[in-house]
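Coordinate analysis (summary)
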Amino acid sequence: MIIVHSVEELISHTQNMRDSIGFVPTMGALHEGHISLIKRAKEENSKVIVSIFVNPTQFLEGEDFDAYPRQSLSDSEICRLAGVDVLFMPTSTSMYGQDEISIFAPPIRGFILDGSSRAGHFNGVLTVVMKLLNIINFHKPQKLRAYFGKKDAQQLALITQMVKDYFMSVEIVGCEIVRDKSGLALSSRNAYLTTQEMQKALLLSKSLYEAVKLIMQGVLETKIVSASMEKILLETTKIDYIAFVDREFKQLQRVEIGNTIILVACMVGSTRLIDNIWI
Ligand code: AMP
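So, here is what we can say about the structure in this document. Just so you know, these numbers come straight off a predicted model, no measurement behind them.

What counts as what
Residues numbered from 1 in each chain as written. Predicted model: local features only at pLDDT ≥ 70, side-chain atom pairs only at ≥ 80, totals over all residues. Heavy atoms only, no water. Phe/Tyr/Trp six-rings, centres within 6.5 Å; stacked < 30°, edge-to-face > 60°. Helix = DSSP H or I, 4+ residues; strand = E, 2+ residues; numbered from the N terminus. Buried < 20%, exposed > 50% of the residue type's maximum accessible area, 1.4 Å probe, protein only. Lys NZ or Arg CZ within 6 Å of the ring centre and 35° of its normal. Expected span 1.5 Å × (residues − 1). Arc of directions from axis to C-beta. Contact = heavy atoms within 4.5 Å. Pairing = 2+ DSSP bridges. Axes fitted to C-alpha atoms, helices over the stretch in contact; angles between N-to-C directions. Salt bridge = Lys/Arg side-chain N within 4 Å of Asp/Glu carboxyl O. Right-handed = clockwise from strand over helix to strand, strands pointing away.

Section: the packing of aromatic side chains
Enumeration over the complete set of coordinates arrives at 4 aromatic pairs. Plain terms: the ring middles of phenylalanine 53 and tyrosine 96 are 6.4 Å apart, the flat faces sit at 35 degrees to each other, and that makes the pair tilted. Of the two residues, phenylalanine 53 is situated in the loop between strand E3 (47-52) and helix H3 (72-81) and tyrosine 96 in the loop between helix H4 (92-95) and helix H5 (114-117); the sequence distance between them amounts to 43 residues. In this structure, phenylalanine 53 and tyrosine 96 share a single accessibility class: buried. Taken together, a centroid distance of 5.3 Å and an interplanar angle of 70 degrees make the contact between phenylalanine 59 and phenylalanine 65 edge-to-face. Judged by relative accessible area, phenylalanine 59 falls into the buried class, the value being 10%. An aromatic cluster is built from Phe59, Phe65 and Tyr68, whose rings are joined through pairwise contacts. We note arginine 70 situated over the ring of phenylalanine 65; from NZ or CZ to the ring centre the distance is 4.8 Å. Seen from the ring of tryptophan 278, lysine 150 lies directly overhead, with NZ or CZ sitting 4.5 Å from the centre.

Quick notes on helix H9 (residues 222-233)
With 12 residues, H9 should cover 16 Å at 1.5 Å per step; its first-to-last C-alpha distance of 16 Å lies within 8% of that length. Every buried residue of H9 is listed here: Thr222, Val225, Ser226, Met229, Ile232 and Leu233. All buried residues of H9 project into a common sector of 115 degrees when viewed along the axis, lining one side. Of the residues in H9, the exposed ones pointing more than 90 degrees away from the buried face are Lys223 and Lys231. Those residues of H9 that are buried lie in contact with helix H8 (195-216), strand E7 (238-245) and strand E8 (261-268).

With respect to the sheet that holds strand E1 (residues 2-4)
Pairing between the strands of a sheet comes from backbone hydrogen bonds, and it takes one of two forms, parallel or antiparallel. An order of E1-E4-E3-E2-E5-E6 is seen for the 6 strands of this open sheet, with the pairing classed as parallel. The sheet is open, and its two edges are formed by E1 and strand E6 (171-175), each paired on a single side. Recorded for the sheet is a direction-independent mean angle of 25 degrees between the axes of neighbouring strands. The pairing of E1 with strand E4 (residues 86-88) spans 3 bridges and is parallel. In the sheet register, valine 4 faces E4, and the bridge partner there is phenylalanine 88. Together, E1, E3 and E4 form the strand contacts of helix H1 (residues 7-14), whose direction differs from that of E1 by roughly 145 degrees.

What about the sheet that holds strand E9 (residues 271-278)?
Spatial strand order, E7-E8-E9: 3 strands in an open sheet with antiparallel pairing. Every interior strand has two partners, whereas the edge strands, E7 and E9, have only one. Across the sheet, the mean angle from the axis of one strand to that of its neighbour is 10 degrees, orientation sign disregarded. Pairing of E8 with E9 involves 8 bridges; the strand directions are antiparallel. The residue bridging methionine 267 from the neighbouring strand is arginine 272, located in E9. Sheet strands in contact with H9 are E7 and E8, and its direction is about 155 degrees off that of E7.

Focus: the pattern of salt bridges
This structure, assessed with the given rule, holds 13 salt bridges. Note that glutamate 63 is salt-bridged to arginine 118, the shortest N-O span being 2.6 Å. Of this pair, glutamate 63 sits in the loop between E3 and H3 while arginine 118 sits in the loop between H5 and helix H6 (121-136), and the two are 55 residues apart along the sequence. Of the residues examined, glutamate 63 reaches a relative accessible area of 27% and is grouped as partly exposed. Relative accessible area serves as the criterion here: at 11%, arginine 118 is assigned to the buried category. Between aspartate 64 and arginine 189 there is a salt bridge, with its nearest N and O atoms 2.8 Å apart.

Section: the pairing of strand E2 (residues 20-26)
E2 sits mainly inside the fold: 7 of its 7 residues count as buried. Covered by surrounding structure in E2 are Ser20, Gly22, Val24 and Thr26 together with Ile21, Phe23 and Pro25, the residues of both alternating faces. Across 4 bridges, E2 lies against strand E5 (residues 143-149) in parallel orientation. Opposite isoleucine 21, over in E5, you have leucine 144 as the bridge partner. In this structure, E2 lies alongside E3, joined through 6 bridges in parallel fashion. When the sheet's bridge partners are listed, proline 25 is paired in E3 with serine 51. Each parallel crossover has a hand, and for E2 linked through helix H2 (residues 32-44) to E3 it is right-handed.

The following block contains the structure:
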C-alpha cells in the first residue's frame, strides 16, 4: 500500500490506473462500517483508493473539528490489511487555497434535517467530495465508483444529486449500515460516548425497529409512527428530528413501502448521533 499526502502525488500514482477505481472517502477513525465500504470497493474494482481527511469546511463554528478522533497509524494498518492500494491523507493546505469557489448545497434538500441543524455543513461536504472525485478522475480511468454509507443518508442523496447535476463521470454506490450486536450504528463519534451514554444511544435503533414493527402491522401514517418513536427516544435523549422522506428526500405523510427512509437525530449527552432505516 502506498501512502500519499499531496494532491500531486496522488495524481501521479493514478496515472497507471487505467482500469476501474473504487474510491472510499472517509474522515478516519476507521471501524467496521468503513471496512465494509472498502471490501465492497475491492470486490468491484481493480484498484482501491481510500482517503482520510478531517475536512475543516464541513464543521461549523463550535463543532468537534479539534476533538474529532485522529488515529492515522492504526487507520493505515487497517487499510493495509484490507488490501487498499493507495491511502490518501492530504493536508488541508494541499486541498484548499485562498478565496476559493465552493459548492452550494441545494436550497431545500441541503438545508433540511441535518442541513438545518448544521446549516452550511453540506456545502463543505459537497465541496470536498467534488475536489476528491476530480482528483481521482484526473487521468480518466475506465470506471470510477465512489462508495458512501447509507448511515449518512442525506449526504448520500446530495452527492448522488451533485454527480447528476454536474454531469460527473462517477458512479455513486450506497452501502448498507453496519451495526454492532446491540443495533447501535457504528460511527467514529461513538468514541465520545460514556458507557452510560452508550446505553442511551441504543434508543435510536430501538425507535427505528419499533417503527418497522408498526409499519409491518399496517400503520402507515407517519404521525402515528413518529409518536411511538418519540416516546422511546424521549426517555433519555434530546430529539433533534424524526423524519420520513422518500429516496429523493421529499417529506412523506404516509409511509411508501420500498421508497421510505426513516431518520432520527438525537443528542446523547453532548454527542449528536444520527441513524436511519430504509423501508
Ligand atoms: P466518515 O468517516 O464518518 O465521514 O464516513 C465515511 C463513510 O463511511 C461515509 O460514506 C459514511 O456514510 C460511511 N459510514 C460511516 N459509518 C458507517 C456505518 N456504520 N455503516 C456503513 N457506512 C458507514
